[in-house]
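Observations on chain architecture
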Amino acid sequence: MEKLIVNNYGSFDVTFVKSKGSTMWDSTGKKYIDFIAGIGVNCLGHDYKPLVKAISKQAKKQIHISNYYFSDVGACYAIDLLESLGFDRGYFGNSGAEANEAAIKLARKYGQLNGGDKRKSIVTLESSFHGRTLATLTATGQDRFHPDSFAPYPMGFKTIKANDFDSLKNAFDDTTAALFIECIQGEGGVNLIDKEWAMAAAKAARDAGAIVMCDEVQTGVGRTGTFLASDDLEIEPEVVTLAKGIAGGIPMGACLFRGKAKDVFVAGDHQSTFAGNPLACAAAQVVLDTVNKDDFLKDVVNKGDYIRSIIKSWDLPIVKDVRGKGLMIGTQIDAKVKPFDIEVKCLEKGLCTTVAGSDVIRFLPPLTISYNEIDEGLKIFKEVLEEFSK
Ligand SMILES: Cc1ncc(COP(=O)(O)O)c(C=O)c1O
């Protein structure tokens, strides 16, 4: 396979052929519990009937028409999404990085309109992750993502330390266009952002004339138990980006804006051929309607609390911390053990997980995961942690 497709991902030698709920089967018939959901994408699980039905129905009606025209499903979805989240306008795209590119462009233009050429700088957080395009890589606050091989990187980005009030001194001035924060840092190690700090940072940014933008590519669409994680931080961002779970597995992203950011983009400012096509919007409508149903998000909170409390109850010295919110869960492992080795062993035993930061095993299971599947997955996780504790 590597002769055909560059193994950018260091993919494991497993070929999946079938999935249902939060369970997958490989080509040998071996069963796996899915605690990663395609990196937080399959939020309604695999083979979720209303989603499959809506995609099939839309595929028969119309898959793609280009953004030269409006689609009925696209228009309905835009109205429902914006109304339910309290945003004024939006841009649909194809991925998280692309949604963030839109936000970065919007911030730069906002800066120019509200302070001239000097107000172009975007402040992001250390340990953040914003994507793999050149601008989103530069916004990413982790040096390991900035190898010389891809230089030169775009200018106009600055990082500050999250949860550190000293970092807010001199962070923003008349050169700052936006503060851009990931509400819980997923890739960086499932690091929570303190509400008081986030509120102080947002205020300082706004006092300097900047807007506040949240990268909710991973945290959005109910992952943390509220539709947006920024709701919990009470910072009312002018811009929010979404992707991953937004269309339950069909590639899609969105950049939503309101207030001061509402009228920044005009026709021609940002475009993409595939963006928000009818197939993606039909899938996204099912996700939105399902996540907004009574008790869906309460269930996400309960399942996340359940998983964290079970891992804590094992009281294993190898576990240094269990954190996260809703179904975004990080288990910090003793520095003596490589989390990648744990990921490999879990996979061997039939549990899909992933590593985050330098010492964390991350779970992002489907939001619809059953308690039986949780228990099966946790049984494997415990066995693996015990093996590595010896
Ligand atoms: C917070 C965050 N932003 C942006 C991205 C990039 O999204 P994509 O891989 O869809 O381009 C990711 C992907 O992991 C992410 O977690």
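Bear in mind that the values here come from a model prediction, so they are computed numbers and not experimental data. (Residues numbered from 1 in each chain as written. Predicted model: local features only at pLDDT ≥ 70, side-chain atom pairs only at ≥ 80, totals over all residues.)

Looking at unusual backbone geometry
So the rule is basically this: Helix numbers and strand numbers start at the N terminus; a helix is a DSSP run of H or I with at least 4 residues, a strand a run of E with at least 2. Burial in this document is a count-based property: other C-beta atoms within 10 Å of a residue's C-beta are tallied, and the residue is buried at 20 or more, exposed at 12 or fewer, or partly exposed in between, with C-beta positions derived from the backbone.
The amide bond that connects Ala151 to the next residue, Pro152, takes the cis arrangement and shows omega of 5°. With respect to the secondary-structure elements, Pro152 resides in the loop between α5 (134–139) and β6 (157–160). Within the chain, Asp315 stands out as a residue other than glycine whose phi angle is a positive 55°. What makes Asp315 exposed here is the crowd of 7 C-beta atoms within 10 Å.

Digging into the site of the ligand
Just so we agree on the cut-off: Being near a molecule or strand means, for a residue, that its backbone-placed C-beta atom lies within 6 Å of it. When residue character is reported, Ala, Val, Leu, Ile, Met, Phe, Trp, Tyr, Cys and Pro are called nonpolar, Asp, Glu, Lys and Arg charged, and the others, Gly included, polar.
Taken together, 15 residues lie around the ligand, and Ser95, Gly96, Ala97, Val217 and Gln218 are the ones closest in. Among the elements that take part in the shell around the ligand, helix α4 (residues 96–113) stands out by supplying three residues, more than any other. For the shell around the ligand, the residue count by class is five nonpolar, seven polar and three charged.

Overview of the sheet that holds strand β14 (residues 328–333)
Heads up, the condition is: Strands were regarded as paired on the criterion that DSSP finds at least two bridges between them. Axes, fitted as lines to C-alpha atoms, cover a helix only where it is in contact. Angles between the N-to-C directions of the axes lie from 0 to 180 degrees. In this description, any two residues whose backbone-derived C-beta atoms lie within 7 Å of each other are considered to be in contact.
One open sheet holds the four strands; their spatial order is β13-β14-β17-β16, and the pairing between them is antiparallel. Every interior strand has two partners, whereas the edge strands, β13 (319–325) and β16 (354–356), have only one. Averaged over all pairs of adjacent strands, the angle between their axes in this sheet comes to 30°, without regard to strand direction. Contacting β13, β14 and β17 (360–363), helix α9 (residues 296–314) runs over the sheet at an angle of about 175° to β13.

Quick word on the sheet that holds β6
Taken in spatial order, the seven strands line up as β4-β12-β11-β10-β7-β5-β6 in an open sheet, and their pairing is mixed. Taken across any chain shown, the strands that pair with only one partner, and hence form the sheet edges, are β4 (89–93) and β6. Adjacent strand axes in the sheet meet at a mean angle of 20° when their direction is disregarded. Set on the sheet, helix α6 (residues 195–207) makes contact with β7 (176–182) and β10 (211–215); between it and β7 the angle comes to about 165°.

Things to note about the pairing of β6
The criterion, for reference: The handedness rule is simple: strands pointing away from the viewer, and a clockwise path from the first strand over the helix to the second, make the crossover right-handed.
Of the strand pairs in this sheet, strand β5 (residues 121–125) and β6 are connected by four bridges, and their pairing is parallel. Among the inter-strand pairings, Ile122 is bridged to a residue of β6, identified as Phe157. On the question of chirality, the crossover connecting β5 to the parallel β6 by way of α5 is right-handed.

Some details on the packing of α9 against helix α11 (residues 371–389)
The condition is simple: Roughly parallel means an angle under 35 degrees; roughly antiparallel means over 145; roughly perpendicular covers 65 to 115; every other angle is labelled oblique. Handedness of a helix crossing follows the sense of rotation of the near helix relative to the far helix, less than a right angle counterclockwise being left-handed and clockwise being right-handed.
Put simply, α9 and α11 touch, their axes get as near as 11 Å, and they point 30° apart. Compared by their axis directions, α9 and α11 come out roughly parallel. Where α9 crosses over α11, the two elements pack in a sense that is right-handed. Together, Lys303, Tyr306, Ile307, Ile310 and Trp314 of α9 and Ile374, Leu378 and Lys382 of α11 make up the contact between the two elements. Of the residues in the contact of α9 with α11, the class split is six nonpolar, no polar and two charged.

Some remarks on the domain arrangement of the protein chain
As a reminder of what qualifies: Throughout the structure description, domain borders are defined by an automatic or database domain assignment.
Split by domain assignment, the protein chain resolves into domain 1 (16–34 + 295–389) and domain 2 (50–291). In this structure, domain 1 and domain 2 have C-alpha centres spaced 27 Å apart. Across the boundary between the two partners, domain 1 contributes 19 residues, which contact 16 residues of domain 2. Ranked by the residues each element gives to the side of domain 1 that touches domain 2, the list is headed by α9, at five residues. Per-class residue counts for the side of domain 1 that touches domain 2 are eleven nonpolar, five polar and three charged.

Quick word on the pairing of β10
Buried residues dominate β10, accounting for five of its five residues. By the alternation rule, side chains of β10 split into Ile211, Met213 and Asp215 and Val212 and Cys214, which are all buried. The pairing of β7 with β10 spans five bridges and is parallel. By the bridge assignment for β10, Ala178 is matched with Ile211. With three bridges joining them, β10 and strand β11 (residues 239–242) adopt parallel strand pairing. Among the inter-strand pairings, Met213 is bridged to a residue of β11, identified as Val239.

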